Amino acid sequence: MNYSNTSDPVEIFYPRGATIFASVCAVLFSVVGVVGNLITAVALLRCSKLRHHATTAFVISLCMSDLLFCSINLPLTASRYINQAWVLSCTLCKLFAFFFYGNVAVSLLSMVAITINRYILISCHSLYDKLYTPRYICLMLLFAWVFSFSMMVPPLLEVWGRLGLDPPTFSCTILKKDGKSPKKMLFILGFLLPCVVIIVSYTCIYWKVRQSRRNLQAHNPSGSNANNVAPTTSQFLQRREDIRLTRLMLSIFCCFLLCFLPLMLVNVADDEIRYPVVHVLASVLAWASSVVNPFIYAGSNRQYRAAYRRLLCCTGARGQGETGHRTGAATGGG
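Residues numbered from 1 in each chain as written. Predicted model: local features only at pLDDT ≥ 70, side-chain atom pairs only at ≥ 80, totals over all residues. Heavy atoms only, no water.

Colleague: Just give me the short version of the state of the cysteines, but keep the residues and values in it.
Modeller: Put plainly, a disulfide is one covalent bond tying together the sulfur atoms of two cysteines. Considering all chains together, one arrives at one disulfide under this definition. There is no disulfide at Cys-254, and the cysteine sulfur nearest it, in Cys-255, is 8.8 Å away. The exposure class assigned to Cys-254 is partly exposed, which follows from its relative accessible area of 36%. Overall, the relative accessible area of 18% leaves Cys-255 in the buried class. (Disulfide = S-S within 2.5 Å. Buried < 20%, exposed > 50% of the residue type's maximum accessible area, 1.4 Å probe, protein only.)

Below is the structure:
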């Protein structure tokens, strides 16, 4: 994502230690990310209690996006940094940029789908089963992938901007053609707008949960009779399970934002790349966003851990005892 905005080529010195560090991190993240995301996708697909939930479909979409990034972009990035130059073909350079920006957009749109799913489940529960049928879920996933990569078609075909190599930073990115580039538009549609939707949705979820908690306390005082306590408690426990999974998905988004935000800020604050080491470190942090999600799943949710155990340790008997409720959430939190 680093590129030079100057009209004339400038020489940028990257310390050898920084480029070696970046290449080592790229190889390490590639291996860990491919293994972690592949295991996550297979574990969720094999878990009968999870694979029919709408949230799981969007989580798998996020895993596949990260898997593509770790298997395609990171190995090429390691080659770029270790050689301090792009030594591969021009076509591969274009494909690198195509998959890089496309995967970032898919990741964010998958998070948008997850967020809207959680909002409807918590705030508009009566619409949930009507909206999240297998057909509609497939259409949502198809839209996320087609829309994300279709945004990269104009620069790929050199209709609006172009994909290619920026020699000063030896990076394959979106370049200007005839003084025009779709980079700002892609940033707004593929990054800024999804982030705004996610933040607004989680804010609405927070206020809805807060309001529901107050209503529950108002309608269930300590003096209520026993006949009213049981169903209220059951509804409260089910709602608490939904909220726990919502918190997990919020953690995924916050982690993504924290990983990518430094790179966005440094590209704006140091547009001429006066401090190359800072750009390298920010890039490494952005790569980590495609690796950490499986660890967050395993550390934050009991039923996701059970799915991992069933796949890795074949402890099916214990895992099958943990069930999820009908509407979409894995149960329990860390």
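Once the structure has been displayed, the description carries forward.
Colleague: If you had to explain unusual backbone geometry to someone new, which residues and values would you point to?
Modeller: The phi torsion at Gln-84 lies on the positive side, around 50°, for a residue other than glycine. Within the fold, Gln-84 resides in the loop between helix 2 (54-83) and helix 3 (90-123). A positive phi angle, near 40°, is found at Phe-170, a position not held by glycine. Looking at the secondary structure, you find Phe-170 in the loop between strand 1 (162-166) and strand 2 (171-175). (Helix = DSSP H or I, 4+ residues; strand = E, 2+ residues; numbered from the N terminus.)

Colleague: So what about the side chain of Thr-19? Which residues, and what values?
Modeller: Within the secondary structure, Thr-19 is located in helix 1 (residues 16-46). Relative accessible area serves as the criterion here: at 0%, Thr-19 is assigned to the buried category. Separated by 3.4 Å, the side chains of Thr-19 and Gln-84 make a polar contact. In this structure Thr-19 touches Tyr-14, Tyr-81 and Gln-84, once residues within four positions along its chain are discounted. (Polar contact = N/O pair within 3.5 Å; in protein donor to acceptor, adjacent residues only side chain to side chain. Contact = heavy atoms within 4.5 Å.)

Colleague: Break down the packing of helix 2 against helix 5 (residues 134-150) for me, citing the residues and quoting the values.
Modeller: Contact pair helix 2 / helix 5: the axes reach a minimum separation of 10 Å and the direction vectors enclose 25°. As far as their axial angle goes, helix 5 and helix 2 are roughly parallel. Judged by the twist between their axes, the crossing of helix 2 over helix 5 is right-handed. Across from Ala-54, Ala-57, Phe-58, Ser-61, Met-64, Ser-65 and Leu-68 in helix 2, the residues of helix 5 making contact are Ile-137, Met-140, Leu-141 and Trp-145. (Axes fitted to C-alpha atoms, helices over the stretch in contact; angles between N-to-C directions. Parallel < 35°, antiparallel > 145°, perpendicular 65-115°, else oblique. Left-handed = near helix turned anticlockwise from the far one by under 90°.)

Colleague: I'd like a rundown of the pairing of strand 1, residues and numbers included.
Modeller: Walk down a regular strand and you will see the side chains alternate between the two sheet faces. With five bridges connecting them, strand 1 and strand 2 associate as antiparallel partners. Following the sheet pairing, Asp-166 is matched in strand 2 by Ser-171. Hairpin remark: strand 1 followed by strand 2, antiparallel, with four residues in the connecting loop; positive phi at Phe-170, about 40°. (Pairing = 2+ DSSP bridges.)

Taken by themselves, the reported measurements are silent on function.
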